[in-house]
Structure formats: C-alpha cells, structure tokens
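# Residue-level structure breakdown
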There are 2 protein chains.
Amino acid sequence: MDINQIIKKIAVDAKKAAGVMGRCDTAQKNRALTTMAELLEQKADWIFDENRKDLEGARKAGLSSAMVDRLTISEKTIDSMSKGLREVASYEDPIGTMGETRVRPNGLRVSKMRIPLGVIGIIYESRPNVTIDAAGLCLKSGNAVILRGGSEALHSNQALSEIIGQAMEKVGLPASAAQVIPTTDRSAINALLAQEEYVDLIIPRGGEGLIRFVVENSTIPVLKHYKGVCHVYVDDSADLSMAQSICFNAKVQRPGVCNAMETLLVHENLAQRFLPGMAKQLQAAGVELRGCRKTCAILGNITPATDSDWPEEYVDLILAVKVVSNMEEAMVHIERYGSNHTESIVTRDFDRANRFVREVDASAVLVNTSTRFNDGGQLGLGAEIGISTSKLHAYGPMGLGELTTQKFVVLGEGQIRE
Amino acid sequence: MDINQIIKKIAVDAKKAAGVMGRCDTAQKNRALTTMAELLEQKADWIFDENRKDLEGARKAGLSSAMVDRLTISEKTIDSMSKGLREVASYEDPIGTMGETRVRPNGLRVSKMRIPLGVIGIIYESRPNVTIDAAGLCLKSGNAVILRGGSEALHSNQALSEIIGQAMEKVGLPASAAQVIPTTDRSAINALLAQEEYVDLIIPRGGEGLIRFVVENSTIPVLKHYKGVCHVYVDDSADLSMAQSICFNAKVQRPGVCNAMETLLVHENLAQRFLPGMAKQLQAAGVELRGCRKTCAILGNITPATDSDWPEEYVDLILAVKVVSNMEEAMVHIERYGSNHTESIVTRDFDRANRFVREVDASAVLVNTSTRFNDGGQLGLGAEIGISTSKLHAYGPMGLGELTTQKFVVLGEGQIRE
C-alpha cells in the first residue's frame, strides 16, 4: 500500500471506531483509561527500551540536548502520563449532557445535546507524552484520534499506541479509536489533511512553521495558535508591589511557554518609580531587558529594543519593555503586536479595568493576575489539549468540552409547519 | 489596482471597521439597522431601477425564469428586507454578555465574555436579499462583513450596499463595516479566501459546487453545509395519522429547501397499513415516488428507486421510499446516506425515541415532528444566516449567537502561579 492508502485506511477505521466511541458509556471509557494507566506502569521497561531506540537515533542525528531531553521517557514521564489518564477518567463525561430546554409557542421542546466531534487528528512534535495525554482527552470525550508525532519519536509513540490499543481491547473497545501513524514519511501529513470525509478536526501542536503548513494544506477545520506574544500593562493606578510580583511571575516562573509575558508595558507616570526595582529583580533572575527609548533613559545600561522585538515570542529569559503615555497607547500596541493569546492589566481603576477587559481582543484577558493562568487546568477546565487563538469553535484553552459539539434535539407531539 | 489589491484593501478596511463595530453600543447598532430599513423603503424606486439592469442582463444571458425570479426585487422583497432588519434590531445583543463565574481555589474569578468573530465573508449566489439579511445579522453581532453575491446580481447588490453604507454613516458608523465586492471577476473569490490575516470566517451559501470550491481554496475557517438529505423514519409504534401528517408536511410544505424530507423510511410491520394512504396523499400533491423493492410490491405502479436515489437531494416533489425491517436498519441507512442535516423519527416507543435521539448524528434530531422545523426562526434563534452541518463552532442553524465567540475573563487580586 502507498502512503495515501495507508492513511485512508487509518481514517476509515477511525471513523468506524468513532461511531462506537460516541455510543459507549462513561464507565467503559473510564475503564479503558485506567487500564491504560496500569499497562503503562506494568510495561514501563519495554517502553524505556523502545524509547532508547529513538534516543540513540536522536544522538546519531546530532539533535540538541534540549531535544533529546524532550524525547526522553523517564520513570517520571510514566508516572505523569498514568496520573494524567486517571485524572481524565475522574472528569465528568460531557457526552449526552443537555442544556436548558426552550418551549416554542407551538409546544415543540428544543434543547441541545453534547456529542463528540468524531475523528480528531493531532499533529505534534517531539514529546512522546502528548501521545497519551491527547489520546486520553479525545477518547474520554467520545472521539477517535489519529496521532502523528515527531519522526524522531516514532518508536516511543508506537509503543505507547500499542499500550493504548491493548487497553482498549481489554475493555471491549476498538483499538482503532486511537492510532499512531506508523511512518516518518512527511507526505503522511498531507495525506491526513486530505481526509475531509473521515476526519472532523485537526489540532497541530508545535512551532509556527508546522502550524502554518497544516493550515495551508488542510481542507479539514484546524484549531491552533501560532504564537503567544503576551503583554502585561501596568497602569499608573497599579499597586506597585502587586505589579512587580505579577510581572516577575509572568516572565520568570516558566519563560519557555506560550502564556509567559514577552513585553511589559508601563504607564509613564509610574515608570520612574516602578522600572528600576522591577528591572533589578528581573535581572537578578537572569532576564535580559530590551527597552524603548524612555525605558533606556530610566534604566540606563540595557539593550535598546528594535522594531523586531515587539512582535517577538522569545520563549526565553528576555523581556521587551515599553513606556506608554496611557492605557490607550498600551491597547493600540497590544492590538498591533499581540497574538490574541493572553493580555493582562494591573490597575486599581475600575473603569480602566472594565474597558481593558471589554476592548482587548485575546483568548484570555486578565486583571491583576499573571498571564501564566491562561491554562486549562488553572482556569478549571481540567487538562487541556492546547490553546486556540482562532475564534471559531474555541478561543483559549481547550479541555474536554472543546472536543465536543452540540446537536439540536426537538421533541414534538405531531407538530407540522404551517 | 489589480483584483488582489482591491480585495486586500476591502479586507484591511473591514478589519479596521470590525474594531469599531466590536466596541460600539447596542443602541447605535440598532439605529443603523432601522435607518437601513427606512432608506430601503425611501429609495425603493432607485433599487428597482438598479435591479432592472440585472434582470435585463439575465434575460439577455438566457437565464431560466426561476433564476430571473430569484433575482427580482419586488415591493414585497423590499418589505421583507425592511421587516427583517427591524426584527434583527429588536433582538437582544449578544455582545458583552457573560455566563457563570467560576471561583478557583486561589480566588481567581473566571468567566467568559461574548465577543464578535471579527470579519465575516459571505459568498452567495443569486438572491440579492441575502445582501441585506446577512449584513443585518453580521452588524448586529458586532462584526464587519464582506459580501460577494452572484455576478448576475451585481447592480442590485451594489445598490443595497450603497443603502447600507449611507445608513451606517448617518449614525456615525463606518460604511466599510459592510462592503460588497465590486466586481464579477471570479478570481475575487480566491483573493478573498486568501485574506486569513484579516478575515475570520467564511460562510458560503449556494450549490454544492460553490461550497466545495470555497472549502478547498480557503485557509480561513468555513462554516457550511453541502446538502440536506433528510429522512423521516416511521416506526411500527407510530401513530398513523400523526406520521402521515408529518411526512406530508416534511415533503410538500416547501420541497425546494434543505430541510425538506428526501427519503421516507418505514418499518415493515407498518408498511402495508401506512404506505397506500400516504402515497395517495403525496401523489395527489404531485409528488413522484421512487420505492425500494418492498415499497413497489406494496404500492404497485411507482418508479423503482435505484442506488443513485438514496444519496440524492431532490429539492423537488420527488420522494424516495424504503421499507426497513427495524429502527437499526433505518439508522444504518441514515448514517450511510444522510448528510448530518435533519433526521426525524415518528414513534410512540420511549426507548426507541431516546436511542434515535442519542445515536443519530445530525445537526437536528427530531421526534414526532416535521423536518421543516430545523430552522433558526422555528427553533427560537431568530433569523439565521445558514445551517451548518460541520461540527466545529456551530452544528445546525446559525443565528446571532453563532456569529460570536467567547473570550476568558479572569479577575484577580494579585494572584501569581506557584
């Protein structure tokens, strides 16, 4: 079989399995998830062996130690994957739930029932734990899933897929509800993106290049975010120590993720009082500052920011700093350079807080708290499968609920349309 | 300017206008809508003149009388467009509304605020009233809209667009919030589908060919339905006269629309009692029946259905009829040939009704009522901009609410992430 035939077969089998998953009850899905957790623990040694093949390949290919690190499955990775699966098993099942019923003047009772999306394709890069985390969420929400991980993780992903399949079959569910694409051939991605008839949603996770490639080549709907250029705007009415604590947390607590602050915007009335202490604390934590003209004038010995700094997602201990003359200028800056991901204001002014919340266009707009809270777990959705900055279907973290949709249910007693 | 530059300018202007629309208050949007309604009435004669140019072109081009009919703007069309705009003005404004607030263990208050999608592109075929109806819904929900109607309706659409623009400016809103693409050049569609940076959603309305073209060529999310192959399944427990009345309504009340019944599925225990009377009533209304082998055996003198009948959307007074041995067979038939649009069961059996509702995958699943009710107005959403059979974002009729999304709003008192 050529690659297109292989992928089509996977998609057709997934569609069939999605029918079974959509109809199966919560207890059975939960048994599958906890069985996966058990098998992961029981077969950890075998998984390490398979993972070692990938690690050797990676070293031979000269991958960076950061890449090798991401690729590694340790005892801790196994624990975290098992714990994740048990946690997802404990979540409330969204499938079949119904909201309010509206009664129409003719007596028709109209409501909506939550149903799975169907078949979800996940295209991701190196971390093999995504295979388990993503499969857990997709299966719990009654979907089938097709997983395409990084080519450097193929052995690891196939081992994990084998575990998933064994667990599914043990509880009487189709192994084809979660399939890993068994090839590193890049044309497999194109083939997957062409299965509009069988695949309902594609979620790409990884660098901007991968994501743009997927969007440009898919006729299937795609949920994604390109990048996270997140701002904190410190208003002149802000509580200074609160502002300092929030900004430090937003930049330093985990600089390598998409909801970390990349640019700090400071009201000019406050800049002189706020920036020196803030800079000292950030620099002590190893943060390199790149400032606008006014910032440099206040702080002295820092790198001047250039035009390329404002749209930049550093994902690192680097921070651009800009002094603005008011909140309007901050909002214009955010509209121009932000990525619709996460934007925060620190203020004590009621009207400005409300206006910032209303007018700033981002998947999460925060007042007096750290950008790092734009996360499914932190916002109470449970584990997330990613963060969407496109507005269709989901805007922000996507948990179980965002892997479902709703159909109309209409109950009558013989009503006909006049 | 070449066509790409023209379209890009339209898109850039629309994006800018979307910012204004997203922030403007309900009263101002409503004033714009009612002003449009007034101007339509005041300038009806001019609109008729412009429409006449299209009608003459259509006759010269030898378009069918049905096409010419669809293209015609009459006094009645003006009334209906004005009435539609006033109705949309009376709807509750979804923008800025917030749902429940969840309080996290750390005290963060998390809620969601409803916001516009941004810029919506509508690509449609002949009827010029879509220009007004679609613009009204998009503007009320705080969006900007780019309209691309059928080339045969260009003069009419430009006249209507002129009216919209005048009304917008009269109330201090940007005319560029609703723009008609001023060319019949087909490459304008490709150019529009490439404006991912500025356009947030594309809604194609028209034949399956147009819709498939849009899906294949767009990097922007698309909401659409390809076709409506809707079934009524008459269970052996059905109330016979109710079943007959529902089936007659579903087929005959308006056969040319997507929620009309195309195939009737009848339980074999009932077929002998039900089909002869049903057939007589349908045939008296001019319906041509095409039956499976068993149906033909019961009814005698009707056309045998072929394999090409079951997936067919007749949009006409034609009905395929199939006798099934039980509900399972009906559901398998629906899964195979249905289009995820509208499916109805007529039954008195509680368990079967529940199972049909749970397991049938369609944007609306109905019990004991006519498929014709899958419609925004009938289901209580108000006017609709179309029906989606894709599951992302919206499944079923799309009203004002479906032209919006939600962002997270997080209110803190200095919380940081540990």
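Worth saying up front: this structure is predicted, and the values here are computed from it rather than measured.

Once that is clear, we can look at the overall build of chain A. A count of helices and strands for chain A gives 15 helices and 16 strands. Here the C-alpha radius of gyration of chain A, 24 Å, is about what a compact globule of 418 residues would show, namely 22 Å. Overall, the C-alpha framework of chain A stretches about 70 × 65 × 35 Å when taken along its three principal axes. Going through the 418 residues of chain A one by one, you find that 54% of them count as buried. Pairs at least 24 residues apart make up 71% of the contacts formed inside chain A by residues separated by at least 6 positions.

Turning our eyes to something else, we now look at helix α13 (residues 327-337) of chain B. Residue and element names in this part refer to chain B. Restricting attention to buried positions, one finds in α13 the residues M327, A330, M331 and I334. For α13, the angular spread of the buried residues around the axis is 95°, confining them to a single face. Projecting away from the buried face of α13 at angles above 90 degrees are the exposed residues E328, V332 and R336. As for α13, its buried residues are in contact with β7 (230-234), β8 (261-267), β11 (318-324), β12 (342-346) and α14 (350-359).

Right, let's talk about helix α10 (residues 240-252) of chain B for a bit. Taking 1.5 Å per residue as the helical rise, α10(B) with its 13 residues ought to reach 18 Å, and the 18 Å between its terminal C-alpha atoms agrees with that figure. Buried within α10(B) we find M242(B), A243(B), I246(B), C247(B), N249(B), A250(B) and K251(B).

Turning our attention to the domain arrangement of chain A. Accessible area lost on assembly of the parts is the figure often given for the size of an interface. All names here are of chain A. Taken domain by domain, chain A holds domain 1 (3-225 + 395-410) and domain 2 (230-375). Computed over C-alpha atoms, the centres of domain 1 and domain 2 are 35 Å apart. Counting residues at the interface gives 4 residues for domain 1 and 6 residues for domain 2. For the side of domain 1 that touches domain 2, the class distribution of residues is 2 nonpolar, 2 polar and no charged.

All names here are of chain A. As summarised here, the arrangement of the 4 strands in space is β5-β4-β3-β6, forming an open sheet in which the pairing is parallel. Edge positions in the open sheet fall to β5 (178-180) and β6 (201-205), since each of these has one partner strand only. With direction set aside, neighbouring strand axes in the sheet form an average angle of 15°. Two elements, strand β3 (residues 119-124) and β6, share 5 bridges in a ladder whose sense is parallel. Its bridge partner being in β6, I122 is matched across the sheet by I203. Contacting β3, β4 (144-148) and β5, helix α1 (residues 3-23) runs over the sheet at an angle of about 145° to β4.

The subject of this paragraph is the nonpolar core. Among the nonpolar cores identified, the biggest contains 144 residues, and M36(A), V145(A), I146(A), M36(B), V145(B) and I146(B) are the most heavily contacted of them. Apart from residues lying up to four places away in sequence, V145(B) is in contact with I120(B), I122(B), A134(B), A135(B), C138(B), L139(B) and A178(B). Among the nonpolar cores identified, the runner-up in size contains 51 residues, and V410(A), V229(B), C247(B) and A271(B) belong to it.

Each side of the interface is counted separately: chain B has 56 residues, and chain A has 55 residues. Mapped by element, the contributors of at least two residues to the side of chain B that touches chain A are α9 (208-217), α10, α14, β13 (364-369), α15 (376-379) and β16 (404-415) of chain B. Looking at which element gives the most residues to the side of chain B that touches chain A, the answer is β16(B), with 11 residues. As defined by bridge partners, strand β16 (residues 404-415) of chain A adjoins β13(B) across 5 bridges and the pair is classed as parallel. Along β13(B), the bridge assignment pairs L411(A) with V367(B).

Here we come to the relation of the copies chain B and chain A. You can overlay chain B on chain A at an RMSD of 0.0 Å; the transform is a turn of 180° with a shift of 0.0 Å along its axis. Within this description, the copies of the chain are treated as partners about a two-fold rotation axis. By C-alpha distance to the rotation axis, the residue of chain B lying nearest is H393(B), at 1.8 Å. Of all interface residues in chain B, 98% are interface residues in chain A too; the two copies therefore contact each other through one and the same surface.

All names here are of chain B. Contact geometry of helix α6 (residues 129-140) with helix α7 (residues 154-170) gives a least axis separation of 9 Å together with a crossing angle of 30°. Of the two possible hands of crossing, α6 and α7 adopt the one that is right-handed. Across the interface between the two elements, T131, I132 and A135 from α6 touch N157, L160, S161 and I164 from α7. Of the residues in the contact of α6 with α7, the class split is 4 nonpolar, 3 polar and no charged.

Before going further, it helps to examine the environment of V234(B). Residue and element names in this part refer to chain B. Mapped onto the secondary structure, V234 falls in strand β7. Each C-alpha atom, one on V234 and one on F274, is 9.2 Å from the other, the two residues being 40 residues apart in sequence. Residues in contact with V234, not counting those within four places in the same chain, are A243, C247, V266, H267, L270, F274 and V346.

The next subject is the sheet that holds β8(B). Reading across from one edge, β1(A)-β2(A)-β16(A)-β13(B)-β12(B)-β7(B)-β8(B)-β11(B)-β9(B)-β10(B) is the order of the 10 strands in this open sheet, with mixed pairing throughout. Each edge of the sheet is formed by a strand with only one pairing partner; in this case those strands are β1 (102-103) of chain A together with β10 (303-304) of chain B. One ladder, built from 5 bridges, connects β7(B) with β8(B); its direction is parallel. Within β8(B), the position partnered with V234(B) by the bridge is V266(B). Lying over the sheet, helix α11 (residues 268-284) of chain B contacts β7, β8, β9 (288-291) and β11 of chain B, oriented at roughly 145° with respect to β8(B).

Parameters and conventions
Residues numbered from 1 in each chain as written. Chains lettered and ligands numbered in written order. Predicted model: local features only at pLDDT ≥ 70, side-chain atom pairs only at ≥ 80, totals over all residues. Helix = DSSP H or I, 4+ residues; strand = E, 2+ residues; numbered from the N terminus. Rg over C-alpha atoms; globule rule 2.2 N^0.38 Å. Buried ≥ 20, exposed ≤ 12 C-beta atoms within 10 Å, placed from the backbone. Contact = placed C-beta atoms within 7 Å. Arc of directions from axis to C-beta. Expected span 1.5 Å × (residues − 1). Domains from an automatic or database assignment. Nonpolar A, V, L, I, M, F, W, Y, C, P; charged D, E, K, R; others polar. Pairing = 2+ DSSP bridges. Axes fitted to C-alpha atoms, helices over the stretch in contact; angles between N-to-C directions. Core = buried A, V, L, I, M, F, W, Y, C linked by C-beta atoms within 7 Å. Least-squares fit on C-alpha atoms with pLDDT ≥ 70 in both. Left-handed = near helix turned anticlockwise from the far one by under 90°.

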